[in-house]
Structure formats: structure tokens, C-alpha cells
Amino acid sequence: MPNHSDHPEIENRGNFPTGIRDLPESQPSEVVSLADGEEFDLGIAPMVKRLGDVTVRMLAYNGSVPGPTMRVQQGSEVVINVTNEADTQATVHWHGLRLQNAYDGTHETQTPIDVGESFSYRLQFHDPGLYWYHPHIREDYGQEMGLYGNIVVVPSDPDYWPAVNREELLTLDDVLLEDGQIASFSRTETTYVAMGRFGNTMLIGGDVAAELSANLREVVRFYLTNTANTRVFNVGFDKARMKLVGGDSGRVEQEAFVSEVMLAPSERVVVDVLFDQPGLVTLEHRHPERTYPLASVTVGEAPAEPELSKQFEVLRTNADMTAERDRLVRYRDAAPDKTLAFVAEMDMGIPDGPIVYSCPMHPEVISADEGTCPHCGMKLLAISVALTYTCPMHSEVITADQGRCPHCGMKLVAIAATYTCPMHPDAVSDSPDRCPQCGMKLMPSQLVNQTQEHHGDETTYAQHHATEQQPGHAAGHNHEATGGIEWEDDMVEVNRITTPANMRWKLVDRSTGGVNHAIDWHFRVGDQVKIRLVNEMDSDHPMHHPFHIHGAGRFLVMSRDDAVEPNLVWKDTVLVRTGETIDILLDVTNPGLWMAHCHIAEHHESGMMFSFSVDP
């Protein structure tokens, strides 16, 4: 048992607590079956959890991460009594459920639950599939700390899903650990606003690893939910066959054998997996730069009963979703009713003294002028250039570090900054003029020398032309290599200091110019609304966004960059990649005031959201 005095309760003023003294141990996650009309108590409170080699303070629903999995029947209604014993106000959002507006769990639909207070939610389950619950006040904090849990809605049609031997639920997450604790959170502002808070430790089912088992030729249904603040997961099994059967809100139009499935934050995927070889099978998260092992499955020699491998080979076409495809035809060529753009504005300030402009994600990109990165399209940020030091006795000793001469031991002295042309090193000046040979703006000599030593002339030439390229073209090439997704935090130090004060994420209504909360949409129950989502490259930081619409209805993805969506599934969240345009059709079913927002938690908390009203 860990010693809960290991982390004394010493908190930085203004931060949420991290101490673990006198906190209860985490509990295993439970699965609870709730009948129609039943009530269930859900508590929010801190607890202690072991993550690999460290013991950390987390927040939990009913003492476990993930919280309890609620298993309910389609068409039923239950009451969830939530009590808040955590360290900030709370609400619980029931993600993906089409429910009464009063129980959506946002600050616009209820009074936040103060510490020590309770609130009862009445939930209806109209649609089969996989859903989840999480905070909607300081989501960046609560969700990272462990506040998430699943809801499985069992279909009223017993043949809705293909036959399987059993089911497994797995949440996919990451957490940022620093100095043996979850990295601290400010009570007053959100940080990591640029990229979102990427973790350095992967969690599956709330733990750093999962060890599962299966019988030979067993077919297991995996319900997967991405609960991470910002990380996109791309997962697959290395030695088992996988069949895609469902997504956010039910089954897909056409079942398909797949090698991997991608989940943006808040998305769900349902896959059936056939373990047809004995031995060790690994569930992996894969992207172009790295592969992370997440879970292991030990497949034994004993055969599964009943034998379902033949049924696994059948790829079903689901008539309900085929009918939706036929219905979409009338909307395909219609102009969108609404166009929503995704845009970023950065203002990191300009340091004193000599500066150059550089891309935090591609530090080799350096320019004397403002502009955008030719690789990713991000706004170049001003960085200061350090003084240069030399020895008065040995002029060949030039360094960026203050110290002593290695030849005579004399203290080095600062020398005035000089400026050099990266293309013509013989062009040197005491001021940032332009090169007399090529007209390029001169850059600090220290930086030019370091760049040439590290990269050579070819890279310097690329830097010279950096601001002359068309950002969209070059950025498209780079983003194509990564699928238009930021898989890792490539600008950690800059990301850490970004807040809503210096980084503003915007949803922009292109018809009215309304931004975030100024967007004013009005619909009626029964409307079919075609919404065009445009992730613009002309932005200070182009990156992907998972766009989520609350329980006003559900939507179908119609097309991506004019390509018709090949496999329909009802959705509440869609990943809009960098530079991508997506058309969705929202089926409006519930009256009330509803939110729509980016589901990167730090983007949401920094204001990348708006609300719209639905009349009966």
C-alpha cells in the first residue's frame, strides 16, 4: 500500500490540489445494470491511484477511473443522483444522449453543483450504442484527472448487433505526469490552449496497461471511447482480425474488416475482434511517427463456445442506414444552411532586443520577417537572439554562452550584435539592413552561423525562401503526411504558456461573421440542417478539431472535401482535419438551448463554443 504522506499537501497558490494525504484508494470500475425507472447514486470525489511507478491524486466517479459503466435498455429512463465532493463546481454532461434539455449538464441548462451539493439527472435512452459522461465545467481539469465513464444502451432489437462471445469496454486516454504527480492546473485559467494538453503516459481503462485474455477463435466486441483531452488515437491489434460494426450512436451502414480505427477526443467505435491464433496479441496506438502498446491479450488453446468464427466472416449491410443514404440524396447538391469556420489567433508578444521569427513546431524554419511556416502553416513567433560573447585576447573564440576563454581563462565580454545574410555570409552589418547582393533582410550573425553549422547550405536556402512559398501548398503536403492530424505536442514549451489571453480559438459563422458565443442559430424540431465545417488553413495555428453537437439531435457525415462519405453512421462528434471541409446533416429532434463546440478540452475551455436554440 502506498504511503499517503509521500506527497505533502503543499500547493502552489491558485492551483488545484495535488496532495494525496488521507485520500481513499481507487476502486475497480464496476458495471451496473439499471432497469427502467431505477435510480443510481453517482459521487464525485478525489482519490489515490497508482499509475505505473507513481501514486497520484485523481478525481473519480464512485471511486474509480473510469467511473461505473451503466448498462441500460433502449427506450428506458433512469435517474442519476450526482453528489459533488470534489474541489470545484461540477456538472455532468451525458455525451451523445438525446435527452431533455434540462439534464444536458451544462452551465446554461442547470445551476452548477457546488461542493457538498447534489443534482438529479433524468436520462432517456432513445438510441442503441455507446455513450459516455464527463464534466462540462473546467472540463480540461476534471476530465484529465479521471472524471469519465461509459453508458451502454442495449438495443431493443436482439439482432441489432452481430453475435459475439462477450464484450469488453475500454477507454483510451493519456495523462501528463511531472515530478511524480499529474501536472498542475491553475484554478483561474486554462493552459496548453494552443495544442491541448497532451499526456506523456497512455492510459487504457484508466490504467497504464491492460492484460486481457481470450479463448481460441473467440469473438469479442470491444467498445472503445476516446476520453483524452486532445490526443487522437489510431488503434489496432497486431495479430487479430477486426471488424468495424458501429460508431458514435449505433451501427454502421456497412460492416467492414479493418486493420485500425481512428478516434478523435469524445468519439466512440465498436469493433468485433476474432482471436484465431494462440499466443500474445497487442492492442496498439499507431501514427506515422510512433507506435504505443496499450494492452495485451493472451489467447489460450481452449476453443471458444459457441463457435462464432463463421458468423464473424459475414459483413452485414444494415437497412436502416441504407435508407438514410437514400434520404441524403436530396441534400447532397444543396447549398449549406450554415457554414462554420475553425480559426486560431495567436499573440505571444515580441521580446526585447534582436529578434527573428520561427515556427515552434519546426524550429529549423527561421525568418527575418513575420509570416507563416511553409510546413504547417502556423504563424511564426518572435524569438529573441542572445548576445554573443568573445575573448578580447583570442578573437576566434565566439560563443553564445557567457564564461571564460578556453585558451587564457579570461572572462568573455559581450560584443555588439552583427547581422549577416544567410545566402552571402560575407555580407555583414551592424544593423538589420538588406543584403547588397540578393536583397534579403540580414539576420543576427550568431543565428546564421549556428544554422549553417547544424543544417548546411541546403537548409539555409529553404529558410531563405520560407516566406516566399504559399503556406497552403507546402502545409498541405506536410499535413498529408500526418493525415492532417497533430499526433504529438511538437511545441511543448510554447504550448504550456498558451492561455485564452494569448491564444484565441474561434468558431466563425461565415454568413454573419458571428464568433463563438455571438453565433445565433435558431432551428425547429423536425428541421434537417446542412452544416458545412471548414477548417481553414489561413489561421495562426491550423490543426484538427473534433466538433461536437449536444443532444439537439444527431447527424450524418455527408461528404469530406466533396468526396461522398462511404459508410454512414449516426454521429455526435466529427473530426475535421487540418484544411478539411466536411458537410454534415443535422437531424433536429429536441427543443431547448444546446451547445456545439470543439472537443479538445482546452479549446472548449478557451471559448471555442456557441449555443443554439431549438423551438418545439
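As shown above, the structure is provided for reference.
Since the model is a prediction, treat every value here as computed from it, not as a measurement.

(A) Focus on the packing of aromatic side chains. Using the criterion set out here, one finds 16 aromatic pairs in the structure. With a centroid separation of 5.5 Å and an interplanar angle of 70 degrees, the aromatic rings of W94 and Y121 are classed as edge-to-face. Here W94, found in strand β6 (residues 92-95), pairs with Y121, found in strand β7 (residues 118-124); they are 27 residues apart in sequence, far enough to count as distant. We note that W94, like Y121, is buried. Aromatic pair F257 and F312: ring centres 5.6 Å apart, planes at 45 degrees, arrangement tilted. With F257 in strand β18 (residues 250-258) and F312 in helix α2 (residues 309-312), the pair connects residues that are 55 residues apart, well separated along the chain. On the basis of relative accessible area, F312 is assigned to the buried category, the value being 2%. By the ring-pair criterion, three or more aromatic residues cluster together here, those being Y61, W94, F119, Y121 and Y133. Lying across the ring of W570, R554 places its NZ or CZ 4.0 Å from the centre.

(B) Broad picture of the pattern of salt bridges. Taken as a whole and judged by the stated rule, the model has 33 salt bridges. Salt-bridge contacts for R71 lead to E167; the nearest nitrogen and oxygen are separated by 3.1 Å. One end of the pair, R71, is in strand β4 (residues 69-73); the other, E167, is in strand β10 (residues 166-175), with 96 residues separating them in the sequence. Its relative accessible area of 28% is what places R71 among the partly exposed residues.

(C) How the structure looks around the sheet that holds strand β36 (residues 545-549). Read from one edge to the other, the open sheet built from five strands follows the order β34-β42-β41-β36-β39, with strand pairing classed as mixed. Edge strands, defined here as strands with exactly one partner in the open sheet, are β34 (521-524) and β39 (573-576). Recorded for the sheet is a direction-independent mean angle of 25 degrees between the axes of neighbouring strands. Pairing of β34 with strand β42 (residues 609-615) involves four bridges; the strand directions are parallel. For W521, the partnering residue across the bridge sits in β42 and is F612.

(D) Representation of the sheet that holds strand β21 (residues 279-287) within the structure. The five strands lie next to each other as β14-β22-β21-β16-β19, forming an open sheet whose pairing is mixed. Where the open sheet ends on each side, the last strands, each with one partner, are β14 (210-216) and β19 (261-263). The mean inter-strand angle of the sheet, taken between neighbouring strand axes irrespective of direction, is 30 degrees. Bridge analysis of strand β16 (residues 233-237) against β21 gives three bridges, and the strand direction is antiparallel. When the bridges of β21 are listed, G236 appears paired with E284.

(E) Structural detail: the state of the cysteines. Applying the stated criterion to the full structure yields zero disulfides. For C391, which is in no disulfide, the shortest distance to another cysteine sulfur is to C405 and amounts to 3.6 Å. C391 gets classed as buried once you look at its relative accessible area, which sits at 2%.

(F) Summary view of the nonpolar core. In this structure, M70, I80, W94, I151, F547 and F612 are the most contacted members of the largest nonpolar core, which totals 93 residues. If you tally residues by element for this core, the top one is strand β3 (residues 54-61), at six residues. Those residues in contact with I80 that lie beyond four places of it in its chain are L34, F40, L42, M70, W94, F119, S120, Y121 and L123. One finds V220, F233, L263 and V271 within the second-largest nonpolar core, a separate group that totals 33 residues.

(G) Just unusual backbone geometry, in detail. A cis amide bond, omega -5 degrees, links V65 with the succeeding residue P66. The topology assignment puts P66 in the loop between β3 and β4. Looking along the chain, the bond that leaves E305 and enters P306 is cis, with omega of -5 degrees. Within the secondary structure, P306 is located in the loop between β22 (290-303) and α2. At R138, a residue that is not glycine, the phi angle is positive and equals roughly 45 degrees. Positionally, R138 belongs in the loop between β8 (129-135) and α1 (139-144). Look at R138 and you get buried, because its relative accessible area is 11%.

(H) Main features of the layout of surface pockets. Its volume calculated, the largest pocket comes out at about 590 Å³. Of all the secondary-structure elements, those providing two or more residues to the lining of the largest pocket are β17 (241-247), β18, β19, β20 (268-275), β37 (553-560) and β39. Of the residues contributing to the lining of the largest pocket, the split by class is 15 nonpolar, three polar and eight charged.

(I) Local environment of the pairing of β4. When strand β1 (residues 31-33) meets β4, the two strands line up parallel, connected through three bridges. Bridging from a neighbouring strand, V31 pairs with T69 of β4. Here β4 pairs with strand β9 (residues 149-154) via four bridges, running parallel. Each residue of the ladder has a partner; that of M70, found in β9, is I151.

(J) Quick look at the environment of V365. Checked against the element boundaries, V365 lands in the loop between β24 (355-358) and β25 (366-367). Taking C-alpha positions, V365 is 8.6 Å from L380, a pair spaced 15 residues apart along the chain.

(K) Looking closely at the side chain of R197. As for its placement among the helices and strands, R197 is situated in the loop between β12 (181-182) and β13 (201-204). Despite being buried, R197 has no salt bridge partner; E144 is the closest side chain of opposite charge, sitting 4.4 Å away. In contact with R197, not counting residues within four places along its chain, are E144, L176, A183, S184, F185, T191, Y192, N229, T230 and E602.

(L) Main features of the environment of F233. Mapped onto the secondary structure, F233 falls in strand β16. Among the residues examined, F233 registers a relative accessible area of 0% and is labelled buried. Setting aside chain neighbours within four positions, we find F233 in contact with L172, D173, M202, N226, A228, V261, M262, L263 and H285.

What counts and how
- Each chain has its residues counted from 1, running along the sequence as written.
- For this predicted model, a pLDDT threshold of at least 70 governs which residues receive local features, and a threshold of 80 or more governs which side-chain atom pairs are given and counted, while totals over whole chains, interfaces and linings are taken from all residues.
- To get the side-chain values, all heavy atoms of the structure are used, and hydrogens and water are removed first.
- To pair, rings of Phe, Tyr and Trp, with the six-membered ring standing in for Trp, must have centres within 6.5 Å; the planes then decide the type, stacked if under 30 degrees apart, edge-to-face if over 60, and tilted in the middle.
- By the criteria applied, helices consist of DSSP H or I runs no shorter than four residues and strands consist of E runs no shorter than two, each listed in order from the N terminus.
- Any residue under 20% of the maximum accessible area for its type is buried, any over 50% is exposed, and the rest in between are partly exposed; the area is computed with a 1.4 Å probe on protein chains only.
- Placement of a charge over a ring requires the Lys NZ or Arg CZ to be within 6 Å of the ring centre, with the centre-to-atom vector within 35 degrees of the ring normal.
- Criterion for a salt bridge: a side-chain nitrogen of Lys or Arg within 4 Å of a carboxyl oxygen of Asp or Glu.
- Two strands form a pair only when DSSP identifies at least two bridges running between them.
- Orientation is described by axes fitted as lines to C-alpha atoms, over the contacting stretch for helices, and by angles from 0 to 180 degrees between their N-to-C directions.
- Cysteine sulfur pairs qualify as disulfides if the two atoms are within 2.5 Å.
- Definition used in this section: a nonpolar core is a set of buried Ala, Val, Leu, Ile, Met, Phe, Trp, Tyr and Cys residues joined via side-chain atoms within 4.5 Å.
- Every residue pair with non-hydrogen atoms within 4.5 Å of one another is taken to be in contact.
- Note on definitions: the grid is 1 Å and covers protein atoms alone; a cavity is a set of points where a 1.4 Å probe fits but cannot get out; a pocket is an open set with protein on both sides within 12 Å along at least five of seven lines; lining residues have an atom within 4 Å of a point.
- Grid points are joined across faces, edges and corners, and a volume is the space filled by probe spheres set on the points.
- For this classification, the nonpolar set comprises Ala, Val, Leu, Ile, Met, Phe, Trp, Tyr, Cys and Pro, the charged set comprises Asp, Glu, Lys and Arg, and every other residue, Gly included, is treated as polar.
- Counted charges follow a simple rule, with Lys and Arg positive, Asp and Glu negative, and His plus the chain ends left uncounted.

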